[in-house]
Amino acid sequence: MKKVFSLLAIIAIILVSNCSRIPENDNPVIGIWSDIEVAPASTTAKSQTVRKEWIFNDAYLGRYHRKINGSITFKTDFKWSYENDKYIISYPGTDMEDQVLSMKSSEEGNTLADAIGNVIAVRE
């Protein structure tokens with residue numbers, strides 16, 4: 001009889017554990033956003049292309065890269081949240097300040113802008 005109860009308990013545990021679902025996050029910010037800056041060439045150096053890239057995922061986490069002329073010079077993970085039509089991005093473990101951004105849509109595409117309206121990144 002103990003074996004039957006043990007088998008029923010195992011089946012119940014399996015059924016209960018398989019019923020839990022993670023809520024789907026379909027926020028429009030999920031994806032890759034980037035900003036490209038080209039520093040003009042000086043008399044002693046060639047021009048530099050600085051690319052900043054944010055990769056937002058559906059678990060409210062992401063990865064930030066800064067590349068100079070195609071080589072990664074800095075990368076870190078970040079956390080993000082969405083409150084009152086604003087995205088708050090924090091970079092734990094770094095000295096980077098939190099960013100508060102909003103998404104703007106136009107005919108050219110979607111952009112992330114700061115509180116003043118400066119474009120920080122464009123959706124790829």
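Residues numbered from 1 in each chain as written. Predicted model: local features only at pLDDT ≥ 70, side-chain atom pairs only at ≥ 80, totals over all residues. Heavy atoms only, no water.

A. Representation of the overall build of the protein. The number of helices and strands found in the protein is one helix and eight strands. Seen in sequence order, the protein has helices and strands lined up from the N terminus as α-β-β-β-β-β-β-β-β. Over its C-alpha trace the protein gives a radius of gyration of 22 Å, far above what one expects of a compact globule, namely 14 Å for 124 residues. With the C-alpha coordinates of the protein rotated into their principal frame, the extents come out at 90 × 30 × 25 Å. By the burial criterion, 22% of the 124 residues in the protein qualify as buried. Looking at the protein as shown, the accessible area adds up to about 9,200 Å², and 56% of this sits on carbon and sulfur atoms. Where the 14 positive side-chain charges of the protein centre and where its 16 negative ones centre are 11 Å apart. (Helix = DSSP H or I, 4+ residues; strand = E, 2+ residues; numbered from the N terminus. Rg over C-alpha atoms; globule rule 2.2 N^0.38 Å. Buried < 20%, exposed > 50% of the residue type's maximum accessible area, 1.4 Å probe, protein only. Areas by Shrake-Rupley, 256 points an atom, 1.4 Å probe, with all protein chains shown as cover. Lys, Arg positive; Asp, Glu negative; His and termini not counted. Charge placed at Lys NZ, Arg CZ, Asp CG, Glu CD.)

B. Representation of the sheet that holds strand 5 (residues 86-90) within the structure. One closed barrel holds the eight strands; their spatial order is 1-2-3-4-5-6-7-8, and the pairing between them is antiparallel. In this sheet, adjacent strand axes meet at a mean angle of 30° when their direction is disregarded. Sheet topology note: the strand 3 (residues 61-68)/strand 4 (residues 71-83) ladder contains eight bridges and is antiparallel. Bridging from a neighbouring strand, R66 pairs with F74 of strand 4. (Pairing = 2+ DSSP bridges. Axes fitted to C-alpha atoms, helices over the stretch in contact; angles between N-to-C directions.)

C. Broad picture of the pairing of strand 3. As paired strands, strand 2 (residues 48-56) and strand 3 are joined by seven bridges and run antiparallel to one another. Bridge pairing links R51 to K67 in strand 3. Between strand 2 and strand 3, which pair antiparallel in sequence order, lie four residues; one of them, Y60, sits at a positive phi of approximately 60°. As consecutive antiparallel partners, strand 3 and strand 4 are separated by two residues, and within that stretch N69 has a phi angle of approximately 50°, a positive value.

D. Here's a closer look at the packing of aromatic side chains. Summed over all chains, the structure comprises nine aromatic pairs. Between Y64 and Y91, the aromatic rings sit 5.8 Å apart at their centres with planes inclined by 70°, giving edge-to-face as the arrangement. With a gap of 27 residues between them, Y64 in strand 3 and Y91 in the loop between strand 5 and strand 6 (99-106) connect regions that are remote in the sequence. Side by side, Y64 and Y91 carry an identical accessibility label, which is buried. Ring centres of Y82 and Y87 lie 4.6 Å apart, and the angle between their planes is 40°; this geometry places the pair in the tilted category. By relative accessible area, Y82 is classed as partly exposed at 38%. Ring pairs connect the aromatic residues W54, F56, Y60, Y64, F74, F78, W80, Y82, Y87 and Y91, which therefore count as one cluster. (Phe/Tyr/Trp six-rings, centres within 6.5 Å; stacked < 30°, edge-to-face > 60°.)

E. How the structure looks around the environment of D98. With respect to the helices, strands and loops of the structure, D98 is situated in the loop between strand 5 and strand 6. Along the primary structure D98 and W80 are separated by 18 residues, whereas in three dimensions their C-alpha atoms are 9.6 Å apart. Aside from chain neighbours lying at most four places away, what touches D98 is I89, S90 and Y91. (Contact = heavy atoms within 4.5 Å.)

F. Representation of the side chain of R51 in the model. Within the fold, R51 resides in strand 2. Of note is the side chain of R51, whose polar atom sits 2.8 Å from the side chain of E53. (Polar contact = N/O pair within 3.5 Å; in protein donor to acceptor, adjacent residues only side chain to side chain.)

G. Just the nonpolar core, in detail. With 14 residues, the main nonpolar core has W54, F56 and F78 as its most contacted residues. Put simply, the parts of the chain that give this core at least two residues each are strand 2, strand 4, strand 5 and strand 8 (119-123). (Core = buried A, V, L, I, M, F, W, Y, C linked by side-chain atoms within 4.5 Å.)

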